[in-house]
Amino acid sequence: MKLRTLSLALCTTAIASTAMAEDLRMSWWGGDSRHAATQAALEVCGAKHGHTISPEFTGWSGHFEKLTTQIAGGTEADLMQVNWPWLSFYSADGTGLADLNQFAQIIDLSNWDDAQIVAGSMNGALNGLPISTTGRLFVFNTTTWAKAGLDLPKTWDDLIAAGPVFREKLGEGYYPFEAAGLDAALIVTLYGTQATGKPLIDPATNELTWTKEELVNAISLYKTLVDNHVIEGWQDRAADGNVPLHENPEWSQGMIAGTYQWDSTYFKISDPLEDGQELAYVDLLTQDGQKTPGIYRKASMVFSISANSEKQEAAAQILNCLLNEPEGVSALGTTRGVPASRTAREQLSEADAIQPIQVEAQKKVIDAEGPAIHPMMEFPSVRAALQDNLELFAYGEVDATEAADEMILAINEALEDIK
Amino acid sequence: MGGDSKFLGLWYVAPYAIGLILFTAFPFVASFYLSFTDYNLLSSPEWVGTANYEKLFTRDRTFDKSLKVTLAYVFMTVPIKLAFALFIAVVLNYRLRGIGLFRTAYYVPSILGGSIAIAVLWRYMFAQSGLINMIITALGGEPVNWFGDPQNALLTITLLRCWQFGSAMVIFLAALQSVDKSLYEAGSIDGAKPWQLFRYITLPLITPVIFFNLIMQTVQAFQEFNGPYIITEGGPLKNTYLLPLYIYDEAFKNFDMGYASAIAWVLFCIIMCLTLLAFWTSKKWVYYAGDKRN
């Protein structure tokens, strides 16, 4: 009788676990370290909850296009990493992605504060759980700066003064900083935000807030940086083709000794460095008479569940495992920045799994002040309006005033289209 | 076969026909409709009449630039590629030891040429510190800014396309081998030199193949995407921003499918006009054996 009862119990358990086991898909973007960690996390979380998860990962470039096409066709993965500004595009009314509030019995939402929950909500529906908070910070290669005999800069003037020293002491090929493409556009935006105290686009009115003169002042910084050998000119950076910073040998060898990046990308930019090269974050550089430090801070990426998925509960289990449960948290580590989930942050801190430099960077992001960033700042058409016209200025095709005129025109057009 | 089913042939062509209808004919018609709409992929298309075309032709400076770059690219790529393919085909038409190996080797770039990996390799070769500049400096020259200099970037992309000359070359080679040898013998007896044999016998007899390659290469050049997307992303200053890149950006970055469709239809019309022009001029320079006009 005992044997029969045991057999029955085992059979029931087996049937139950088979019935619950799901084949899921999860998509994300990132660098190699994030890809490896996420696959490991999916293995342990899948094993824990009895699901199989197929990973679908890419680099940053092209991920927005791919994900949007999938969502339009209803073929997106069950669980997705979504950039925060994209929420308003995918789910303006809150129905484009699953409402995670419905899975509150599976996902421990108490690990996020109200502001973070609001950041991930659209029209009252919790469409994405913030994975981390991120901000653009200055990060410098301390090895190269020491070689140049300089302390890390605190002000824009310090940075500008470092250019000639790098050229003289280290050679023509050494630069204390880099800025091309989007990085250059965001540097210009930061400089203008500090000077004016206003964001480029007003979150309340969806309108451009800077005057032409203010924009000219910000754009002119780019030329100052190039003229003083602080950054390689746009044309020279383009000489290697469309190569991101972390794939650029000049970065990994320390010849480019500074950049302005999301703090959540620490591993992406630190992993390629050759042995002996060290990085350090500094406070946002300051300028005389600035009105704000101008931090560009946002809820970083979020995890979302597809509104079309028929396996939302299983996806919620995996989501909770990745963000809140010890196995998933441990495997993911800080490959998406310092976790926003309180439990995860505490676990990684106790395990010394958050590198001191990441803690320091996150503190700088959280502590710094700056006007709220409008999600439209991250729309491709707005970014293109900034970048394209800055490129024209960088190549000497237009002067700063003409570039400002064109930028205002193009940004207004883009905002009009988005509305 | 006859007795079993008179529809057997239809069954054979059905997979292709279904594919053609689903993946070519339907998108073709749909894109024409969408070109008159405002459609962001996530919500229903909204009819806007000719607004997309009006914007395209009256106030879109990016389109103007992209169109100029595309035409420059096509008019550079196609003649260079055809001339090079023909030259190599003539060389490979000689009876040499191991000629089969050479023919295969020259065809390989065509198999690999359109791939992402080759575009990445091209990017490294022409980078500031890449192989090409290493050779140039070893020969005593100054390194060239291939991708960052607006004057050079399009040329670099063009070279990638021209490097993929294999398919055109194979077709030329087949045409060269089909030329009647007795014509060369007759020409030689009459005292014609090798260049004259080529100019007055070979070239006229392979004009149908030149015409075919011209059309195919022109159409393909107008559709080039991989090279500029991977290597330069359309820069610098949009000097490699070919129309297919612009269509892609509008469709999948700005999610303005209606506008992207309008650009695609303008591109289609340009290709169609140039093809018709080529057919019209072909009456004057293409020789078909047995054609009484000749």
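Named according to an unreviewed UniProt entry, chain B is Oligogalacturonide transport system permease protein originating from Primorskyibacter sedentarius. Per UniProt, chain B carries the Sequence similarities (unreviewed entry) text "Belongs to the binding-protein-dependent transport system permease family."

Per an unreviewed UniProt entry, chain A goes by the name Oligogalacturonide transport system substrate-binding protein and belongs to Primorskyibacter sedentarius. A UniProt comment under Subcellular location (unreviewed entry) is attached to chain A, and it reads "Periplasm". On record in UniProt, under Sequence similarities (unreviewed entry), the comment for chain A is "Belongs to the bacterial solute-binding protein 1 family."

Some points on the pattern of salt bridges
Counting across every chain of the model gives 20 salt bridges over all chains. In this structure, the salt-bridge partner of Arg123(B) is Glu247(A), at a minimum N-O distance of 3.7 Å. Of this pair, Arg123(B) sits in helix α5 (residues 116-125) while Glu247(A) sits in the loop between α10 (234-237) and α11 (249-252), which puts the two residues in different chains. Taken together, the salt bridges that share partners define one network made up of Lys48(A), Glu325(A) and Glu327(A).

With respect to a nonpolar patch on the surface
Residue and element names in this part refer to chain B. The grouping of Phe7, Leu10, Trp11, Tyr12 and Val13 at the surface amounts to a nonpolar patch, some 640 Å² of accessible area in total. You can see Trp11 is positioned in helix α1 (residues 8-34). Classification of Trp11 by relative accessible area gives exposed; the value is 63%.

Things to note about the nonpolar core
Of all hydrophobic cores here, the largest spans 115 residues; its most connected members are Tyr90(A), Ile107(A), Leu129(A), Leu319(A), Leu322(A) and Phe172(B). Of the residues forming this core, the biggest block, 11 residues, is contributed by helix α3 (residues 61-92) of chain B. In this view, Tyr90(A) contacts Phe64(A), Leu67(A), Thr68(A), Ile71(A), Val82(A), Gly96(A), Leu97(A) and Leu42(B); residues no more than four positions away in its chain are not counted. Grouped together as the second largest cluster of nonpolar side chains are 78 residues, Ala184(A), Leu208(A), Ile256(A) and Leu284(A) included.

Overview of the interface of chain B and chain A
Each partner contributes residues to the interface: chain B has 29 residues there, and chain A has 29 residues. Summed over the three residues of chain B that lose the most area to chain A, namely Leu42(B), Leu237(B) and Phe255(B), the buried surface amounts to 27% of that side. The interface formed by chain B and chain A contains three salt bridges. Counting the contacts that link chain B with chain A gives nine residue pairs in polar contact (both at pLDDT 80 or more). Mapped onto the side of chain B that touches chain A, the elements with two or more residues apiece are α5, α12 (226-231) and α13 (243-252) of chain B. Here the side of chain B that touches chain A takes three residues from α12(B), the largest share from any one element.

Considerations on the packing of aromatic side chains
In total, this model carries 45 aromatic pairs over all chains according to the counting rule given. Arranged with centres 5.4 Å apart and planes meeting at 65°, the rings of Trp262(A) and Tyr296(A) form a pair that is edge-to-face. One end of the pair, Trp262(A), is in strand β8 (residues 258-262); the other, Tyr296(A), is in the loop between β9 (279-282) and β10 (297-299), and 34 residues separate them in sequence. Classification of Tyr296(A) as buried rests on a relative accessible area of 4%. The interplanar angle of 20° and the centroid separation of 5.6 Å between the aromatic rings of Phe36(B) and Trp47(B) together place this pair among those described as stacked. Residue Phe36(B) is found in the loop between α1 and β1 (37-38), and its partner Trp47(B) is found in strand β2 (residues 46-47); the two are separated by 11 residues along the sequence. Of the residues examined, Trp47(B) reaches a relative accessible area of 55% and is grouped as exposed.

Conventions and cut-offs
- Residues numbered from 1 in each chain as written.
- Chains lettered and ligands numbered in written order.
- Predicted model: local features only at pLDDT ≥ 70, side-chain atom pairs only at ≥ 80, totals over all residues.
- Heavy atoms only, no water.
- UniProt positions renumbered as here; feature names shortened; annotations may be inferred.
- Salt bridge = Lys/Arg side-chain N within 4 Å of Asp/Glu carboxyl O.
- Helix = DSSP H or I, 4+ residues; strand = E, 2+ residues; numbered from the N terminus.
- Patch = residues over 30% accessible without salt bridge, like charges linked within 9 Å, V, L, I, M, F, W, Y side chains within 5 Å.
- Areas by Shrake-Rupley, 256 points an atom, 1.4 Å probe, with all protein chains shown as cover.
- Buried < 20%, exposed > 50% of the residue type's maximum accessible area, 1.4 Å probe, protein only.
- Core = buried A, V, L, I, M, F, W, Y, C linked by side-chain atoms within 4.5 Å.
- Contact = heavy atoms within 4.5 Å.
- Buried area = accessible area lost by both parts, 1.4 Å probe.
- Polar contact = N/O pair within 3.5 Å; in protein donor to acceptor, adjacent residues only side chain to side chain.
- Phe/Tyr/Trp six-rings, centres within 6.5 Å; stacked < 30°, edge-to-face > 60°.

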